[in-house]
Amino acid sequence: MARNKRELFRKRRLRVRNKLRKVSSDRVRLSVHRSNKNISVQLIDDAAGVTLAAASTLEKELGFIGKNNIEAANAVGAKIAERARDAGIKEAFFDRGGFLYHGRIKALADAAREGGLKI
């Protein structure tokens, strides 16, 4: 039984990733990473092993460097939806990693959906 936060996070991440492997066919994966200061997201093609598009609060054009709040997550979600549209990607699997689907992660996913990305 897991006793600390790191172990619980690792178990959640592996559980989510294994579920995605079972259902993933030809869709790309929208992978999210959240730290205390920033949030980043990537569109990854696991079959080819390449990153197709990425967005992060570390980008100067978004203006959220060092901020990790719901407004920043909304901006990153909208930016990744725009970049996915430019790359010709219409749908992806949402890989939240070990993060709970709440708050900033949910805001990012909702903004990506509003931007036209089907996840």
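Just so you know, these numbers come straight off a predicted model, no measurement behind them.

S.K.: Would you take a moment to explain the packing of helix α2 (residues 70-87) against helix α3 (residues 104-114) for this structure?
M.R.: Between two packed helices, what matters for the description is the angle formed by their axes and the separation of those axes. In contact at an axis separation of 7 Å, α2 and α3 are set at 35° when each is read in the N-to-C sense. Helix-helix and strand crossings are classified by hand; for α2 and α3 the assignment is right-handed. Contacts from I70, A73, N74, V76, G77, A78, I80 and A81 of α2 reach α3 at R104, A107, L108, A111 and A112. Split by residue class, the contact of α2 with α3 holds 10 nonpolar, 2 polar and 1 charged.

S.K.: Any chance you could explain the nonpolar core here in plain terms?
M.R.: Across soluble globular proteins, you tend to see nonpolar side chains buried next to one another. In terms of nonpolar packing, the biggest core is built from 27 residues, with L30, V41, L43, I80 and L108 touching the most fellow members. Of all the elements in the fold, those that place two or more residues in this core are β1 (28-34), β2 (39-45), β3 (50-56), α2, β4 (92-95) and α3. Counting residues per element, this core draws most heavily on α2, at 7 residues.

S.K.: Looking at this structure, how should I read α2?
M.R.: Since there are 3.6 residues in each turn of an α-helix, residues three or four apart along the chain are aligned in direction. Taking 1.5 Å of rise per residue, 18 residues should cover 26 Å, and α2 covers 26 Å from first to last C-alpha, within 8% of that figure. Looking only at α2, the buried set comprises A72, A73, A75, V76, G77, K79, I80, A81 and A84. On its buried face, α2 sits against β1, β2, β3 and α3. After α2 finishes, the residue G88 shows a positive phi value of roughly 85°.

S.K.: Teacher, can you tell me more about the sheet that holds β1 here?
M.R.: Picture the strands of a sheet paired through backbone hydrogen bonds; they go either parallel or antiparallel. Here we have 4 strands laid out as an open sheet, ordered β3-β2-β1-β4, and mixed in their pairing. Pairing within the sheet leaves two strands with one partner each, and these edge strands are β3 and β4. Direction aside, neighbouring strands of the sheet carry axes that sit 20° apart on average. In terms of strand pairing, β1 meets β4 through 4 bridges, oriented parallel. The residue bridging R29 from the neighbouring strand is F93, located in β4. This element, helix α1 (residues 5-23), spans β1 and β4 of the sheet and lies at about 165° to β4.

S.K.: Just to check I follow, could you spell out the pattern of salt bridges for this structure?
M.R.: Where charged atoms of side chains with opposite charge meet at close range, the side chains can pair. Scanning the model with the defined rule gives 12 salt bridges in all. Measuring nitrogen to oxygen at the nearest pair gives 3.1 Å for the salt bridge that ties R113 to D110. Residue R113 and its partner D110 are both found in helix α3; the two are separated by 3 residues, about one turn of the helix. R113 gets classed as partly exposed once you look at its relative accessible area, which sits at 34%. Three or more residues are tied together by salt bridges with common partners; here these are E59, E61, K79, E82 and R83.

What counts as what
- The residue numbers shown here count from 1 along each chain, following its written sequence.
- Local features are withheld for residues below a pLDDT of 70 in this predicted model, meaning they are given only at 70 or higher, and side-chain atom pairs are given and counted only at 80 or more; totals for whole chains, interfaces and linings count all residues.
- To get the side-chain values, take all heavy atoms of the structure and skip hydrogens and water.
- What counts as an axis is a line fitted to C-alpha atoms, over the stretch in contact for a helix, and the angles between N-to-C directions run from 0 to 180 degrees.
- Helix and strand definitions here come from DSSP, where helices need a minimum of 4 consecutive H or I residues and strands a minimum of 2 consecutive E residues; each element is numbered from the N-terminal end.
- A clockwise turn of the near helix away from the far one marks a right-handed crossing, whereas an anticlockwise turn of less than a right angle marks a left-handed crossing.
- Note on contacts: a residue pair qualifies if any of its non-hydrogen atoms lie within 4.5 Å across the two residues.
- Gly falls in the polar group here, along with every residue not listed as nonpolar (Ala, Val, Leu, Ile, Met, Phe, Trp, Tyr, Cys, Pro) or charged (Asp, Glu, Lys, Arg).
- For our purposes a nonpolar core is just a set of buried Ala, Val, Leu, Ile, Met, Phe, Trp, Tyr and Cys residues, chained together by side-chain atoms within 4.5 Å.
- Relative accessibility decides the category of a residue: with a 1.4 Å probe and only protein chains considered, values under 20% of the type maximum give buried, values over 50% give exposed, and everything between is partly exposed.
- To estimate the expected span of a helix, subtract one from its residue number and multiply by 1.5 Å.
- Two strands form a pair only when DSSP identifies at least two bridges running between them.
- Basic side-chain nitrogens of Lys or Arg form a salt bridge, by our definition, when they fall within 4 Å of a carboxyl oxygen of Asp or Glu.

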